Amino acid sequence: MNNKIKACIFDLDGVIVDTAKYHFTAWRNLANQLGFDFTEKENEKLKGVSRVESLNLILQWGGLNFSDNIKRQLATDKNEDYLSYIKKMNADEILPGVVPFLDELQKLNIKIALGSASKNAVAILKQVGLMDYFESIIDGTKVVNGKPHPEGFLLAASELGVAPSDCVVFEDAPKGVQAALAAEMFAVGIGNDDDLSAAHLVMPNFEKKNFKGIEEKLLSLTLR
Ligand code: BG6
Ligand code: MG
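All figures in this text were calculated on a predicted structure; none of them were measured in a lab. (Residues numbered from 1 in each chain as written. Chains lettered and ligands numbered in written order. Predicted model: local features only at pLDDT ≥ 70, side-chain atom pairs only at ≥ 80, totals over all residues. Heavy atoms only, no water.)

> Would you mind showing me how to read the side chain of Lys147 here?
Note that Lys147 resides in the loop between β3 (136-138) and α7 (151-160). At 3.1 Å, the side chain of Lys147 and the side chain of Asp11 are in polar contact. Here Glu171 takes part through its side chain, which lies 2.7 Å from a polar atom of the side chain of Lys147. The residues touching Lys147, leaving out its near neighbours within four places in the chain, are Asp11, Gly48, Gly115, Ser116, Ala117, Phe153, Glu171, Lys175, Gly176 and Ala179. (Helix = DSSP H or I, 4+ residues; strand = E, 2+ residues; numbered from the N terminus. Polar contact = N/O pair within 3.5 Å; in protein donor to acceptor, adjacent residues only side chain to side chain. Contact = heavy atoms within 4.5 Å.)

Take a look at the structure:
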């Protein structure tokens, strides 16, 4: 029986930093240049989804199709636009409560990993000064299968040397929650989205949250 959580695996965009708004702006700029627009509701479907898959979905919404060469160029253009916002970020854009939570984990010797679909994860962590907290960083450059596939989270657990059942994943995307469950880990949804209801626990953010309280709630579920 599980009696202790040994590692926390964090998604990046929308969990540690509010970069989802920059992804939205950059994709929207691209769609507008191509002559169409999409809504914030549609944008929800892009959360946790890789760059290439996001582009394919957006082009589908716009009723457009291009050769692989042009699509590569479009994805590069979007990323350059996105990076122009990222380069202006600083520690003020770390989401509320995240730093005290990471500090608590360090004090308790709970291992910390990143499990993100983004290929910009390291650049973002450096930009906001959080790199040193992470013992393992699994990002979009290290996985073949995107969320909801569990590959990224399983790789993080294996790099940390912790069994999946002793890990908890923090995720803002329904596909990320599915990936955590497929990895047979605890899943904590971050946000208010009803779509996160598959998670073991949902909370709006890390403000006023402490690891011990979350661990207690999660472990009590396993006793039911
Ligand atoms: C995820 C985001 O974390 O990373 C997605 O939720 C994004 O919206 C994906 O498409 C890939 O990010 P990047 O930075 O590699 O384009
Ligand atoms: Mg996310």
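> How do you make sense of the state of the cysteines when you look at a structure like this?
Structurally, a disulfide amounts to a covalent bond that connects the sulfur atoms of two cysteines. Summed over all chains, the structure comprises zero disulfides. No disulfide involves Cys8; its nearest neighbouring cysteine sulfur is the one of Cys167, lying 8.6 Å away. (Disulfide = S-S within 2.5 Å.)

> Sorry if this is basic, but what is going on with the domain arrangement of the chain here?
Interfaces are frequently sized by the accessible area removed from exposure as the parts join. Partitioning the chain into domains gives domain 1 (7-17 + 91-219) and domain 2 (20-86). On a C-alpha basis, the centroid separation for the pair domain 1 and domain 2 is 24 Å. Taken residue by residue, the interface counts 12 residues in domain 1 and 12 residues in domain 2. Summed over the shared surface of domain 1 and domain 2, the number is zero salt bridges. In this assembly, domain 1 and domain 2 are joined by three residue pairs in polar contact (both at pLDDT 80 or more). Here the residues of the side of domain 1 that touches domain 2 are counted per class, giving three nonpolar, two polar and seven charged. (Domains from an automatic or database assignment. Salt bridge = Lys/Arg side-chain N within 4 Å of Asp/Glu carboxyl O. Nonpolar A, V, L, I, M, F, W, Y, C, P; charged D, E, K, R; others polar.)

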